[in-house]
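Fold and geometry: a report
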Amino acid sequence: MSNQEKFMREAIRLSVENVQTSKGGPFGAVIVKNGKIIARGANEVTTSNDPTAHAEVVAIRNACKKLGSFQLDDCEIYCSCEPCPMCLGAIYWARPAKIYYANTKQDAAAINFDDDFIYDEIKLPINNRKLPTIQLLREEAQVAFAEWTKSTQKAAY
């Protein structure tokens, strides 16, 4: 058994355990650095009342806390399912070296976890999206961006 298979089996185990214990959806994730699991996550959406508490996001939060960093340099993430748009965005922001996944987004859609509507919405111009999205106070908000641009104390990310 390869290390990749061992790590994926742990992500899958977390997903199965999550269903069996009724803690959340059938999703698990692990983050690996230097050949060792440094963080785990399972879906906690319903138990934490947090729609962002997907397995990948939970694992990223745990790994970043452990590493004392907002980036997952030289890490790999193993997901029991192909990441949804939110998780994929979080993974890209965390900057791991690789993503591995087991189930596909089509497999997830077959059990009513269908993210296609989000992918479709993202492609649309803002005014054509189903969720009304209205811009307000851009000029006032620009102050923060101007301050950021001038700041010498910012941490680039």
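Structure shown above.
What counts and how
- Residues numbered from 1 in each chain as written.
- Predicted model: local features only at pLDDT ≥ 70, side-chain atom pairs only at ≥ 80, totals over all residues.
- Heavy atoms only, no water.
- Helix = DSSP H or I, 4+ residues; strand = E, 2+ residues; numbered from the N terminus.
- Buried < 20%, exposed > 50% of the residue type's maximum accessible area, 1.4 Å probe, protein only.
- Contact = heavy atoms within 4.5 Å.
- Salt bridge = Lys/Arg side-chain N within 4 Å of Asp/Glu carboxyl O.
- Expected span 1.5 Å × (residues − 1).
- 1 Å grid on protein atoms, 1.4 Å probe; cavity = no way out; pocket = protein on both sides within 12 Å on 5 of 7 lines; lining within 4 Å.
- Points joined across faces, edges and corners; volume = space filled by probe spheres on them.
- Nonpolar A, V, L, I, M, F, W, Y, C, P; charged D, E, K, R; others polar.

Attention now goes to the overall build of the protein chain. Broken down by element type, the protein chain carries seven helices and four strands. From first element to last, N terminus to C terminus, the protein chain shows the α and β order α-β-β-α-α-β-α-β-α-α-α. The buried share of the protein chain, reckoned over its 157 residues, is 30%. Taking the intrachain contacts of the protein chain between residues at least 6 apart in sequence as the baseline, contacts between residues at least 24 apart amount to 47%.

Attention now goes to the pattern of salt bridges. Taken as a whole and judged by the stated rule, the model has six salt bridges. Taking the shortest distance from any N to any O, the salt bridge between glutamate 147 and lysine 150 comes out at 3.6 Å. With glutamate 147 and lysine 150 both in helix H7 (residues 138–150) and three residues apart, this pair spans about one turn of that helix. A relative accessible area of 46% means that glutamate 147 is categorised as partly exposed. Residue classification places lysine 150 among the exposed residues on the basis of a relative accessible area of 58%. Here the residues in one salt-bridge network are Glu10, Arg13, Glu17 and Arg40, joined through shared partners.

End to end, helix H3 (residues 55–67) covers 18 Å across 13 residues, agreeing with the expected 18 Å (1.5 Å per residue, within 8%). Those residues of H3 not exposed but buried are Ala55, Glu56, Val57, Val58, Ala59, Ile60, Ala63 and Cys64. Looking at the buried positions of H3, the neighbouring elements they touch are strand S1 (28–33), strand S2 (36–42), strand S3 (75–81) and helix H4 (85–94).

All right, on to the layout of surface pockets then. Approximately 280 Å³ is the volume found for the largest pocket. Around the largest pocket, the lining is made up of 17 residues, and of these Phe27, Asn43, His54, Cys84 and Phe113 lie nearest the centre. Each pocket or cavity is described by its volume, and for the second largest pocket that value is around 170 Å³. Forming the walls of the second largest pocket are Phe117, Ile118, Glu121, Ile122, Arg129, Lys130, Leu131 and Thr133. Of the residues assigned to the lining of the second largest pocket, the class counts are four nonpolar, one polar and three charged.

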